[in-house]
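# Architecture at a glance
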Amino acid sequence: MNGLSSISRGKQKHTAKTRRLTSKSKGSQTRHGQHLYKHLISSYNSNLKDYLSRVTKGRAGKYHTSLSSLVCLKSALISHIVFKSVLDSLTSEVTRTALAGKIGQYMQDEVNFQRLRKKYPDWWQKVHSKALNRASYSYRRNLIVRAANQDLKDGWKEDFGVAARGHIGICLLELFRQTTGLIKFSNRRLGRNKTICYVVATEEALNWIQNFNTKISGLLPYYLPCTEKPLQWVSPTTGGYELPDNINWNFIKQSGRQKSDTKYEGLDIVFSAANTLQDIPFRVTKDVLRTLCKIPESNNTEVNPFGNFKYTAEYRRCQALIHSRRRKLIPKKIQRKAVMDLAAEFQDKTLYFPVQADFRGRLYYVPKALNPQGPDISKGLLEFAEGHHVRGNEHWFLINGANRFGIKGTFEDRQEWTLKHERYIKAVANDPLGNRFWEDAEAPTEFLQYCFEFNSWINNRISFRSHLPVKLDHTASGMQIISLLTHDPVLQKLTNITTTDKPEDIYTVLLDGVTKSLVSSGRPESIRWLSLGLNRSVIKNLTVMYMYGGTQHGLEQTVVDWYKELADDPFGKEIYSEIKLLLETYHNTLDDLTEAPRNFMHRCQKDVTRDSTLSWTSLSGFPVNNLYHKTKSKRLRTTVNREVISFHVTIPQNELSYRKAKNAVAANVIHSHDAALLHKVLNECDFPVLALHDCYGIHPHNVDKIREIVQKNICSLFGVDSKNAMPYVLS
């Protein structure tokens, strides 16, 4: 039943998306449009090359000689523009003159803009970077044309003329009709002396599109939470949802480049771990849902730090930055609406979340949007369906509140923080809209959820039952795994694999070291990083990127993404040289602490060879392949719209990508080991638990149990001395 609901919801979403894109003349972005583009453009491109060669030799008709203006453009680019223009309006009606003129205008723009780019590269780079901030092609084109007319006068462009543009478009459309058979030209008499030619899809094309969408919609389930216990995983193809055989449903989810012939056998431990997770019942926290429904979406985008001088350059720059940030928030708003809609739909039901594994053995909840591994709003809307007393374990209940707010330090410090803020927490529970203290938390929705439960506990401690999981995660889990594999004492101390009175934080230690080095350098530019607010979050992101095999470019981009959100730009054009120096300081600081991460990555990468796939079996018996195939594609970009045009060339399946395998191997080794630890731990849990890779969520009275199980398995799997207390291995 749960599988059929997911299939039905998938059909609804596919149909709605197709209808929406078609109504906006974006048929090339639909699934049928993408399929037609992928399978027909190569033959069109081949025919176009032959046709253009005849044009250059003077063998084409007099109307076709207009195509000689396009010899400077690559045939792949012309093919892309034609296909996109036709597919966008394939299922609607458009006059041949209008469509041909549109295609001809695109071609003229490409010719002119490519000449601009070659003749005035510096000017083009400056103007084009501004154009990319615009949302549509017309806005981008108009901006460039106005700037060119102002700076370069009229000599920069070539005007083909209305007739020539029409000839170009009609020739390309006719070639499209002959090559694909998707369209036909239909003459319609609108009056005694007036006949208009329309470009319409053929009956065969319309029937194919209808059949394609009917078939594909049934193969794209939108996985929903289950209202009954999912099927137990007993084999790689049996478990979780109950789906028809024509849907590709497997325990191991793999992308195309990781698909292999690996035989997944002897996975009893892994299946048992997955079944433990998906058998746990959840429910929606109604108080949180009601509160979030009352909060309007923020539209505060009008910022003018310079009074009412709306036409100053600084004001426009400020507004452009705000507009850019608004566009980045659109995916989050869409995600928020999807989560809220699902929560409202299932608010009166008990929920279960089927589980899958990736090619390294890491476990994931399958349902879309609303699941315990989702964003903060998703986590904050879900709680255990079963409640338990907290008597005798009140300290873990209090620690849970501090953890959700983002408080670090000893467990005693966190308890004290929650008690000190009792007044604020109760105020939030009584009036969450009037008291926005919860919005300052690291995980706002999760902390709001805790405020409601804390208020219930404080008012009725005797019969109170907690439904919220106490979430404890491994300290810098990637570094922790490296410390366990290398047995490096310094790194084990920094990741709390030792007996200690207070938790260590390797990211804070690294930040302190980087700060000290920047100050001691004496360079004003280096010290400027500190004035910009270089913080633990940046260091954490750099460490995770580096630890998982990130390239120098990837590390630079991590800093750039943070830097772009700042209000100031003190480095200007020197930003990349300054980032390079900052990264050198970071690497030196990490090496001064311990060389274990660098040596571990080099050792992993040394095991990767060019002519074979590195494989291993995890500590829980899960087979892992560090398999990455080469992909070969010809990539072009349209001059204004920056649309990627890819022509994929079929390559032998046994051709391996040494570069990709080498970059990914360290991350895959780490993830396979933390997955194995999770498998082992879950097999010993006879109580409700949720897992987020390196994080566990349990009722307060089960916290000591999970800590004991984790410590025992770390000692047995990695050979750590069991005498170590490790009080903060989970914190």
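Predicted model only: the values in this text are computed from it and were never measured.

What the protein contains, in helices and strands, is 26 helices and 16 strands. Here the C-alpha atoms of the protein give a radius of gyration of 30 Å, agreeing with the 27 Å that 2.2 N^0.38 yields for 731 residues. Counting only C-alpha atoms and orienting by the principal axes, one finds that the protein spans roughly 90 × 65 × 60 Å. Burial analysis of the protein (731 residues in total) assigns 50% to the buried set.

For the rest of this paragraph, the subject is the sheet that holds strand 15 (residues 689-691). If you trace the three strands from one edge of the open sheet to the other, you get 10-16-15, paired in antiparallel fashion. In the strand order of this sheet, the two ends are held by strand 10 (470-473) and strand 15, each with one partner. Put simply, the sheet's adjacent strands are angled 20° from each other on average, direction ignored. Two strands pair when backbone bridges link them, and strand 15 and strand 16 (residues 695-698) are joined in this way by three bridges, in the antiparallel orientation. Looking across to strand 16, one finds that L690 is bridged to G697.

A separate point is the sheet that holds strand 2 (residues 183-191). Read across the open sheet, the three strands follow the order 1-3-2; overall the sheet is antiparallel. Strands with a single pairing partner mark the edges of an open sheet, and in this sheet they are strand 1 (94-95) and strand 2. Sheet topology places strand 2 next to strand 3 (residues 194-201); eight bridges connect them, and they run antiparallel. Following the sheet pairing, S186 is matched in strand 3 by Y198. The strands touched by helix 7 (residues 162-180) within the sheet are strand 2 and strand 3, with strand 2 carrying the most contacts at an inclination of about 125°.

This part is about a positive patch on the surface. The grouping of K13, K17, R20, K24, K26 and R31 at the surface amounts to a positive patch. The leading source of residues in the positive patch is helix 1 (residues 2-23), at three residues. Tracing the backbone shows R20 in helix 1.

Let us look at the pairing of strand 16. Neither face of strand 16 is exposed, since C695 and G697 on one face and Y696 and I698 on the opposite face are all buried. Here four bridges tie strand 10 to strand 16, and the two strands are oriented antiparallel to one another. Note on strand 16: the bridge partner recorded for L472 is Y696.

Take the layout of surface pockets next. In this structure, the second largest pocket occupies an estimated 1,300 Å³ of space. Within the residue set of the lining of the second largest pocket, elements represented by two or more residues are helix 12 (376-380), helix 13 (394-405), strand 10, helix 17 (477-486) and helix 21 (536-547). Of all the elements, helix 21 adds the most residues to the lining of the second largest pocket, at six residues. Here the residues of the lining of the second largest pocket sort into 12 nonpolar, 14 polar and 16 charged.

Before going further, it helps to spend a moment on the side chain of N275. Within the element layout of this structure, N275 appears in helix 9 (residues 268-278). By relative accessible area, which is 8% here, N275 ends up buried. Ignoring any residue separated from it by four or fewer positions in sequence, one finds N275 in contact with L231, Q232 and W233.

Enumeration according to the criterion identifies 24 salt bridges in this entry. Between R362 and D674 there is a salt bridge; the shortest N-O distance is 3.1 Å. Here R362, found in the loop between strand 7 (355-357) and strand 8 (363-365), pairs with D674, found in helix 25 (residues 658-683); they are 312 residues apart in sequence, far enough to count as distant. Note on accessibility: R362 and D674 belong to one class, buried. Residues participating in the shared-partner salt-bridge network are R523, E525 and E578.

Moving on to the packing of helix 19 (residues 506-521) against helix 21. Relative orientation of the contacting elements helix 19 and helix 21 amounts to 105°, with a least axis distance of 9 Å. In terms of their interaxial angle, helix 19 and helix 21 are classed as roughly perpendicular. Within the contact between the two elements, helix 19 uses Y507, T508, L510, L511 and V514 and helix 21 uses R536, I539, K540, T543 and V544. When grouped by side-chain class, the residues that make up the contact of helix 19 with helix 21 number six nonpolar, two polar and two charged.

The next point concerns the packing of aromatic side chains. Following the criterion strictly, the structure yields 36 aromatic pairs and no others. Seen from their ring centres, Y44 and F83 are 5.4 Å apart, and the 70° between their planes marks the pair as edge-to-face. Of this pair, Y44 sits in helix 2 (residues 31-56) while F83 sits in helix 3 (residues 75-88), and the two are 39 residues apart along the sequence. Accessibility classification places Y44 together with F83 in one group, the buried group. A centroid spacing of 4.9 Å and a plane angle of 70° characterise the contact between F83 and F176, whose relative ring orientation is edge-to-face. Residue F83 is located in helix 3, and its partner F176 is located in helix 7; the two are separated by 93 residues in the primary sequence.

Turning our eyes to something else, we now look at helix 15 (residues 422-430). Turning to helix 15, its buried residues are I425, V428 and A429. One side of helix 15 carries all its buried residues, which in axial view fall inside an arc of 100°. Of the exposed residues in helix 15, the ones pointing more than 90 degrees away from its buried face are R423 and N430. Buried-residue contacts for helix 15 involve helix 14 (411-420) and helix 16 (444-459).

Over its 12 residues, helix 21 extends 16 Å from the first C-alpha to the last, a length consistent with the 16 Å expected when each residue adds 1.5 Å. Every buried residue belonging to helix 21 is among V538, I539, L542, T543, Y546 and M547, and all of these are buried. Down the axis of helix 21, the sector holding all buried residues measures 155°, keeping them to one side. Its side-chain oxygen 3.2 Å from the backbone nitrogen of S537, N535 forms the N-cap of helix 21. After helix 21 finishes, the residue G549 shows a positive phi value of roughly 85°.

This part covers the nonpolar core. L363, L381, F447 and W529 are the most contacted members of the largest nonpolar core, which totals 147 residues. Ranked by size, the runner-up nonpolar core spans 39 residues in total, among them L48, L73, L77 and L99.

With that settled, the discussion passes to the packing of helix 17 against helix 24 (residues 596-606). Their axes nearest at 10 Å, the elements helix 17 and helix 24 cross at an angle of 75°. The orientation of helix 17 with respect to helix 24, classified from their angle, is roughly perpendicular. For the pair formed by helix 17 and helix 24, the contact residues are M479, I482, L485 and T486 on the first element and A596, P597, F600 and R603 on the second. Tallied by class, residues from the contact of helix 17 with helix 24 come to six nonpolar, one polar and one charged.

Relative to the helices and strands, D341 resides in helix 11 (residues 313-345). By relative accessible area, D341 is classed as partly exposed at 41%. Along the sequence, D341 and L370 sit 29 residues apart, while their C-alpha atoms lie 9.3 Å from each other.

Each disulfide consists of one covalent bond between the sulfur atoms belonging to two cysteines. Scanning the model with the defined rule gives zero disulfides in all. Of all cysteine sulfurs in the structure, the one in C685 sits closest to C715, which takes part in no disulfide; the separation is 16 Å. Judged by its relative accessible area of 11%, C715 falls in the buried class.

As for its position among the elements, L351 is in the loop between helix 11 and strand 7. Of the residues examined, L351 reaches a relative accessible area of 0% and is grouped as buried. On a C-alpha basis, the gap between L351 and N371 in space is 9.7 Å, while along the polypeptide they are 20 residues apart. Setting aside chain neighbours within four positions, we find L351 in contact with P225, C226, I280, P281, F282, V284, F346, L370 and L382.

Reading the values: rules and limits
Residues numbered from 1 in each chain as written. Predicted model: local features only at pLDDT ≥ 70, side-chain atom pairs only at ≥ 80, totals over all residues. Heavy atoms only, no water. Helix = DSSP H or I, 4+ residues; strand = E, 2+ residues; numbered from the N terminus. Rg over C-alpha atoms; globule rule 2.2 N^0.38 Å. Buried < 20%, exposed > 50% of the residue type's maximum accessible area, 1.4 Å probe, protein only. Pairing = 2+ DSSP bridges. Axes fitted to C-alpha atoms, helices over the stretch in contact; angles between N-to-C directions. Contact = heavy atoms within 4.5 Å. Patch = residues over 30% accessible without salt bridge, like charges linked within 9 Å, V, L, I, M, F, W, Y side chains within 5 Å. Areas by Shrake-Rupley, 256 points an atom, 1.4 Å probe, with all protein chains shown as cover. Salt bridge = Lys/Arg side-chain N within 4 Å of Asp/Glu carboxyl O. Lys, Arg positive; Asp, Glu negative; His and termini not counted. Charge placed at Lys NZ, Arg CZ, Asp CG, Glu CD. 1 Å grid on protein atoms, 1.4 Å probe; cavity = no way out; pocket = protein on both sides within 12 Å on 5 of 7 lines; lining within 4 Å. Points joined across faces, edges and corners; volume = space filled by probe spheres on them. Nonpolar A, V, L, I, M, F, W, Y, C, P; charged D, E, K, R; others polar. Parallel < 35°, antiparallel > 145°, perpendicular 65-115°, else oblique. Phe/Tyr/Trp six-rings, centres within 6.5 Å; stacked < 30°, edge-to-face > 60°. Arc of directions from axis to C-beta. Expected span 1.5 Å × (residues − 1). Polar contact = N/O pair within 3.5 Å; in protein donor to acceptor, adjacent residues only side chain to side chain. Core = buried A, V, L, I, M, F, W, Y, C linked by side-chain atoms within 4.5 Å. Disulfide = S-S within 2.5 Å.

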